[in-house]
Amino acid sequence: MASDPVRIVEGTALTAQQKKDLLNRLARIEGQLRGVQKLIALASEPADCEAVAQQMAAARKALDRSFVQLLTATVVTHSEGAADLDDARAVAARLAALLDKFA
């Protein structure tokens, strides 16, 4: 059963295109994870664990890249929306805190 597509809401967090790009990337990662689950279910020999580990590492790296894409999009979108220098500084401080917290 296929899931319904996610409705993209308009706002100032990210542009519709940025959201679409991130959602597409996450859908690919979701497919990778389903593949990893299948590899685990079918693993029958010790050597199969290497294939599982390789695919897990690839999925982790893809998720890390999507995180960077999110932060990059956030920097661009929020910087462009700054009303003045003080607002731009506040945006930069929020983004720095985000990086410090999650990166």
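Residues numbered from 1 in each chain as written. Predicted model: local features only at pLDDT ≥ 70, side-chain atom pairs only at ≥ 80, totals over all residues. Heavy atoms only, no water.

## Topic: the side chain of Q18
Structurally, Q18 is set in helix α1 (residues 16-42). Side-chain polar atoms of Q18 contact the backbone nitrogen of T15, separated by 2.7 Å. With near-sequence residues (within four places) excluded, Q18 lies in contact with A73 and T77. (Helix = DSSP H or I, 4+ residues; strand = E, 2+ residues; numbered from the N terminus. Polar contact = N/O pair within 3.5 Å; in protein donor to acceptor, adjacent residues only side chain to side chain. Contact = heavy atoms within 4.5 Å.)

## A short note on helix α3 (residues 85-102)
Across its 18 residues, α3 extends 26 Å between first and last C-alpha, which sits within 8% of the 26 Å expected from 1.5 Å per residue. Its side-chain oxygen placed 3.2 Å from the backbone nitrogen of D86, D84 serves as the N-cap of α3. (Expected span 1.5 Å × (residues − 1).)

## Some thoughts on the packing of α1 against helix α2 (residues 48-80)
It is at 9 Å that the axes of α1 and α2 come closest, and there the two elements cross at 165 degrees. Classified by the interaxial angle, the pair formed by α1 and α2 is roughly antiparallel. In this structure, α1 crosses over α2, and the sense of that crossing is left-handed. Across the contact of α1 with α2, the residue classes tally to 17 nonpolar, six polar and four charged. (Axes fitted to C-alpha atoms, helices over the stretch in contact; angles between N-to-C directions. Parallel < 35°, antiparallel > 145°, perpendicular 65-115°, else oblique. Left-handed = near helix turned anticlockwise from the far one by under 90°. Nonpolar A, V, L, I, M, F, W, Y, C, P; charged D, E, K, R; others polar.)

## Remarks on α2
The terminal C-alpha atoms of α2 lie 48 Å apart, and with 33 residues this matches the ideal 48 Å at 1.5 Å per residue to within 8%. Within α2, burial applies to V52, A59, A62, S66, L71, A73, T74 and T77. Residues of α2 that are buried sit in contact with α1 and α3. (Buried < 20%, exposed > 50% of the residue type's maximum accessible area, 1.4 Å probe, protein only.)

## Some thoughts on a nonpolar patch on the surface
There is a patch of nonpolar side chains on the surface, built from V6, I8, L23, L26 and L63 and spanning about 400 Å² of accessible area. Mapped onto the elements of the fold, L26 is located in helix α1. (Patch = residues over 30% accessible without salt bridge, like charges linked within 9 Å, V, L, I, M, F, W, Y side chains within 5 Å. Areas by Shrake-Rupley, 256 points an atom, 1.4 Å probe, with all protein chains shown as cover. Salt bridge = Lys/Arg side-chain N within 4 Å of Asp/Glu carboxyl O.)

## Observations concerning the pattern of salt bridges
Overall, the coordinates contain two salt bridges when judged by the stated rule. As a salt-bridge pair, E30 and R34 come within 3.5 Å of each other at their nearest N and O atoms. Linking E30 with R34, this pair stays in helix α1, spanning four residues, or about one helical turn. For E30, a relative accessible area of 46% gives the class partly exposed. The shortest N-O distance in the salt bridge between D86 and R89 comes to 3.7 Å. Of this pair, D86 and R89 are both found in helix α3, three residues apart, which corresponds to roughly one turn of the helix.

## Some points on the environment of A103
Position of A103 among the secondary structure elements: in the segment after α3. Dropping the residues within four chain positions of it, A103 is found in contact with F67 and L98.

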